Each structure stands twice: as C-alpha cells, then as structure tokens.
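Examining the three-dimensional arrangement
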There are 2 protein chains.
Amino acid sequence: MSKVTIYDVARVADVSLATVSRVLNNPEKVKPKTRERVLAAINELGYRPNAIARGLASRRSTNVGLIVPTCSRASVSEMIDGVADIADKYRYSVFLNVTHNENDIATNVWQNMIASQVDGVLMMADKLSDDEIERLANDTVPTVLLSVKDLDGRLPAVLIDYELAAYEATKKLIENGNKDIAFITSSSYYAMNELKEQGYRRALAEAGLEPRILGLYNKFENSLEAFKEFFANNAAPDAALAVRDSVAVMFMNAAIEHGISVPNDLEIIGFQNTKYAIMSRPQLSTINIPTYDIGAVAMRLLTKLMKEEEVTETQITLPHSFVWRSTTK
Amino acid sequence: MSKVTIYDVARVADVSLATVSRVLNNPEKVKPKTRERVLAAINELGYRPNAIARGLASRRSTNVGLIVPTCSRASVSEMIDGVADIADKYRYSVFLNVTHNENDIATNVWQNMIASQVDGVLMMADKLSDDEIERLANDTVPTVLLSVKDLDGRLPAVLIDYELAAYEATKKLIENGNKDIAFITSSSYYAMNELKEQGYRRALAEAGLEPRILGLYNKFENSLEAFKEFFANNAAPDAALAVRDSVAVMFMNAAIEHGISVPNDLEIIGFQNTKYAIMSRPQLSTINIPTYDIGAVAMRLLTKLMKEEEVTETQITLPHSFVWRSTTK
DNA sequence: TTGAAAGCGCTAACAG
DNA sequence: CTGTTAGCGCTTTCAA
C-alpha cells in the first residue's frame, strides 16, 4: 500500500532523502525550519517508513521474539499481556511463537527468529540442554528466559522462586498440624513444577514427614475422573498442595463429592491466584504469582540488554505472596 | 548473528548468488547436481536467509499481524493458539499486538502493521467505524475480522452467530417454563455481547416476556459484591443467561450463598464452555464456542487471501452447540 | 540452466 | 546543518 517512499517526501519537502531520514531518526540534527517542512510533507503524503527497508539498512529490526509453550494457560497469557504492553511502550513489535512445549521446536524457532533479525528474544522453555543454553548465551542477540532459569545463571531470566513458595506453603500446612500432605502435580514435565515439588519435599523432610505425590493426566476431563477414583480407592490425605489453581479446585471438588469436608478434613493450597481460586466454593487459598509482571519486567530487561545498557542484575526473582481464603484453617 | 550471507554460499558452492537464491525459491529451475552442491554449501556454512533482506527484495514478508484486545481472556488466548498453529504450518510469522480494546489504537496498530510490511492481518476489534472498515477493505493487504463482522460484509470474517446462540439458549429457558429470565452482561462495550443481548431479547419478545438486563462491573471482584447486593435487594429471576461462563459462575455462587437452589429455583446458562463451567458446582450448562477454530480458520482464510486464491466464502460462520450440565433442568 | 546487474527503501558514513 | 554516496542481503528480470 504505502507506495509513498522517502524519496517522495524528499521531493515534496525539497530536501535530500538523507534529511528526511534524519528528521525521522535524529530530529535534533535538523534545522527546525527544515524539519517542519519535512514533517509537513510527511503528513501531506501520509508517509510511513518501511520497517523492512529500515531494518535492512540499520541492521536493527525493533522486533523481539516471544516463544511460549501455549497461550491458553492463564499463567502464560497474562505474561504475554505484560510483554506486549512494555514492548509497545518501547516501540518494539513482538513476534509470537508457540511451541507446544516441544523443546527441539523451541530451539528451532529461536534460530528462525534470529534469522528474522529480531533484536532480542523472550523465551519460556523448559529443560534446555547445556548446549542450547550455551548457544543462546553466546549469541549477539540477547535472550531472556521467562519463569525458568538455567542453573548456572548464564542467561538473563525473570522468575519466581517456586521452590521457596512451595516450601513455605507446605510449611504452613505442617504448622497447621497436618501429617499426611499430598502434592498434586501434572504428569507433563515442567521444570517449574519440579521446583515446586522440591520445595514441598524439603519442607516435609525437615519435619520428618513422608511425601505423597499424586500425578494426574494432562487432559482435564481425565483428571477429574482420576481424582474421583483416587478418593474411592485411597485414604484421603490431611492436606494438599497443587501445582496450579485449576488442579487444586478439581481435587477439592472430587474430595467434596466424596463427602470430605474442606478445610476441616482436608486443607488445600493452589498456585497462581487465578480466577479459579475466587470462583471455587469454598474459595481457594493460593500462592499469588505476579504473572503479568514477569512478562513486563522481562521485556524491560530485554530492552536494556538490547541497548547494551549496563545491567547490574541479570536474573530477577519476583516476589510471591500468599492469599489465605477458605480452604486452609 | 548469522554472518553467513548468500554470497558466502555462492562462493563455496562455486555458483552465482542468483543460483543460490533459486535453489531456495525455485529449486526445480536448478540442475539437480548444482542444487546439491548449493545445498551442501548451505548446510556446511549453516546459512539461514535473512528474512528482512528477502522481504525487502520480494516485497513480501511472510509475516501476518494479529490484533487482539487482550490475551488473558480464555476466548482470545485459545484463538491465538489457533492462529499460531496454522500460521506456523504455512510458515508465516505472527506479529502480536494487544490494544486493550481501544479502537483508535487498533486502527493505528493496523496502520503500523501495514507499514511493517505484513502480508495480511487478523483483527479482533469492536465497533469499527464505517470509514475504518472502508479503509481496511480497500487496502491491498487483506484483513480478516475475528469473532465480529461488519454488517455489510465488506470485510472477510470468521465468527459465531452469537445472536442465534443466545436466542436458542433463551428459548430453551422459556420452554423450561421460566418467565422472569435475566441477561447478565458486562458493562464494557463489546459488539459480541450486544449480539447476544439481541438474541436474548428476540426470544423474549416472541414469547411476550419482559427482558431484565443486569450489567456488571468490569472488575471481577466488584462483580461478586454487586451480585450479592443484587440478591439482597431484588427478587431473584427464574433463570439467567450470562455473556461469559465466568460471569455465570459468579452469579450462581452469589445466588447459592443467598440460599437459592440451582437449578430448581434458578436455571443458569453460560457462554463459551471454558474450564470454569466444569469446575463450578453445580457444573454449568453453557454454549460451546469453537474458539481455537475461529483462529485457525481465520488464519487459513487469510493465507488464501494472501495468495490471491479464489475464495468463495469470505464470511465464515462457525457452529456453536449446547452443553447441558447441571444448572439447567 | 546459469550469471550479471539492477534495484527493494532505507541508514550511515563522509564531505561540504 | 545538509547532500552524496555506498551499501544492507536478497529477488528478479534479462541475456547468455
């Protein structure tokens, strides 16, 4: 569409194209009067610089890549909103790519993005191999990890201390006098969930209690059935910590249908503080995670990295908190 | 990073850069033997074509723009997944932009995307003015509307017949013998919700019943309070249709806390068939919307439009269905 | 079947 | 402060 090029503007304003380029990129270097003439011409013609040509000439695209496993989990969609808002603010465009949690895809996508000349990338991907981390860390275009981090801290990252959060939640459950505390986790393999499990185990170990891990199926509907079956065939635990609010609510619903009273016979804590927690009955006690902020802070960090500003803190841990509602005593 | 250019490949393969370009874009026009030599060189050097340079030279970017009001509503995040999957399949990259429902922003974003040389755009935006629609429709880069449509059908669109869905749901409620049927809507202005309201009103009008519209606040927490207040100060309706599952569940929870029995004293139907509907107690009857498919189908339609293939049907209505659970008799 | 050459629309030295 | 001049890395005629 935009058939109007920088040449047209230059002609109308009666200057060289270099001057037009200057008022666009370094307006202070142009005499006010000329600048105005150029601006007027731009307006008159409805000129919009061609981002691609600009990218080619300047070797900077003002594009960033965003790699996520999926959009349709609240924990990631809110983060995307955070990324998008800050990107917008700094006038970056964001390339979205969803990998469905397949790692080789993530790495491949990353390479494609680099080839597409993004200036930086935000990546949410589990279990990157050492080689992969090495490659990301050594590339000239900066990559920031979302929610997860590599253990050696080679890559910038914005995350939550999931281990600590789970540890503290479990500890609370222990303090409330519970002995048989279950951990309800997902069968799919998330690094995040592994950290949560570690925190859970640490708290139990300190108290000399036995862990009890309950896996569940990826498919939502199957999980409900699985939970029902669980309560039909097993002694119910005294308390439970779940990897996500939705999981916690499903577990709770199954328990209640089995005649168990929450929180009297069974205390439950979720993870994330989503709407699920408010909408369940009883309302779910949960760990509040600043999801939006993870995205926003990561994007902000990335802008600094891209501008090669001095960044003191390259691995940022955002604070979690607890929201005590009606599923805990 | 990819410092390797097409020249390097040409040199190593001992051909001209034109030939390398050909094996990339029209492999059949190159003698198999040469082709293999080039391919080998590409492999050896780890060459990846620079998407930006390619875009500039070919005037096609293989990028599409995706404009949404937010990511963190299930109805849009699932759609995004649909778009992303199909885009991936056709090797398009997607530029994501969230507008927070502000229309002037959406139009502006659209222009920026066009300037960024996208080959097409998918847009979810309410209440576009006639001028805006005109502009989108007349541009050389195709735009497909998501979920909403312009009334004259000038723009391609993929959507649900929300009016009909609401009409049918309301009719079911009427057939069940309810007289006082409420419509629970959001105070923010969505074209979609307006259509739902129209369907609701049509069904009531046909039955000679009076409509009863209940607005609610945008903020989730406030809504719960508002609903509680509603039940404290007003006669409860016999039945209700809500614009979203989450709204339906909140309304139901408030009702139940007020001592109303669902579905005996109050029948409720939601919209969307999200996890909320399964996780509520009782489980919510709702209208199933193929959210993922809206995105997927729209993206597929867009690829055709971009290739200038013949498209017979430019406004596609996807089917809805009903899921009767425990909040209806 | 291949190569030479002319751009795509812009930025960025370098002069002036 | 402004203009001239090279490219950025690739596609695409046009000839050979």
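What comes next concerns the included structure.

About the criteria used
- Residues numbered from 1 in each chain as written.
- Chains lettered and ligands numbered in written order.
- Predicted model: local features only at pLDDT ≥ 70, side-chain atom pairs only at ≥ 80, totals over all residues.
- Heavy atoms only, no water.
- Least-squares fit on C-alpha atoms with pLDDT ≥ 70 in both.
- Helix = DSSP H or I, 4+ residues; strand = E, 2+ residues; numbered from the N terminus.
- Buried < 20%, exposed > 50% of the residue type's maximum accessible area, 1.4 Å probe, protein only.
- Polar contact = N/O pair within 3.5 Å; in protein donor to acceptor, adjacent residues only side chain to side chain.
- Contact = heavy atoms within 4.5 Å.
- Buried area = accessible area lost by both parts, 1.4 Å probe.
- Expected span 1.5 Å × (residues − 1).
- Salt bridge = Lys/Arg side-chain N within 4 Å of Asp/Glu carboxyl O.

Our focus in this paragraph is the relation of the copies chain B and chain A. Screw-axis analysis of chain B against chain A gives a translation of 0.0 Å along the axis, an RMSD of 0.1 Å, and a rotation angle of 180°. Both chain copies can therefore be described as sitting about a two-fold axis. Proximity to the rotation axis, assessed at the C-alpha, singles out B:Phe95 in chain B; its C-alpha lies 2.3 Å from the axis.

Next up on the list: the side chain of A:Thr286. Residue and element names in this part refer to chain A. Along the chain, Thr 286 falls in strand β10 (residues 285-288). Of the residues examined, Thr 286 reaches a relative accessible area of 0% and is grouped as buried. At 3.4 Å, the side chain of Thr 286 forms a polar contact with the backbone nitrogen of Asn 273. Those residues in contact with Thr 286 that sit more than four places away from it in its chain are Asp 245, Ile 269, Gly 270, Phe 271, Gln 272, Asn 273, Ala 277, Ser 321, Phe 322, Val 323 and Arg 325.

Let us look at the interface of chain B and chain A. Reports often express the size of an interface as the amount of accessible area lost when the parts come together. The partner chain A presents 51 residues to the 51 residues of chain B that form the contact. Surface buried jointly by chain B and chain A totals about 4,700 Å² across both partners, of which 60% is contributed by carbon and sulfur atoms. Sorting the residues of the side of chain B that touches chain A by element identifies α4 (51-58), α5 (74-89), β2 (93-98), α6 (103-115), α10 (220-233), α11 (245-257) and α12 (275-279) of chain B as the ones contributing at least two each. The element contributing the most residues to the side of chain B that touches chain A is α5(B), with seven residues.

As a further point, take the environment of B:Ser129. Residue position: B:Ser129 is located in the loop between β3 (120-123) and α7 (130-138). What makes B:Ser129 partly exposed here is its relative accessible area of 33%.

On to helix α5 (residues 74-89) of chain A. All names here are of chain A. Under the 1.5 Å per step criterion, the end-to-end length of α5 is 23 Å for 16 residues, consistent within 8% with the ideal 22 Å. Within α5, twelve of the 16 residues are buried, leaving the element largely enclosed by the surrounding structure. All buried positions along α5 are accounted for by Ser 75, Val 76, Ser 77, Met 79, Ile 80, Asp 81, Gly 82, Val 83, Ala 84, Asp 85, Ile 86 and Ala 87. Where α5 ends, the next residue or the one after it, Arg 91, has phi of about 60°, a positive value.

We now examine the pattern of salt bridges. According to the stated counting rule, one finds 21 salt bridges over all chains in the structure shown. Note that A:Arg11 is salt-bridged to A:Asp8, the shortest N-O span being 2.6 Å. Here the residue A:Arg11 and the residue A:Asp8 both occupy positions in helix α1 (residues 6-13), the gap between them amounting to three residues, near one helical turn. Exposure remark for A:Arg11: the relative accessible area of 56% places this residue in the exposed category. We note a salt bridge from A:Arg281 to B:Glu257, for which the minimum N-O separation is 2.5 Å. Pair noted here: A:Arg281 is in the loop between α12 (275-279) and β10 and B:Glu257 is in helix α11, and the two residues belong to different chains. Since its relative accessible area comes to 45%, B:Glu257 is described here as partly exposed. Look at the salt bridges and you will find they share partners, linking A:Glu163, A:Lys171, A:Arg202 and A:Glu206 into a network.

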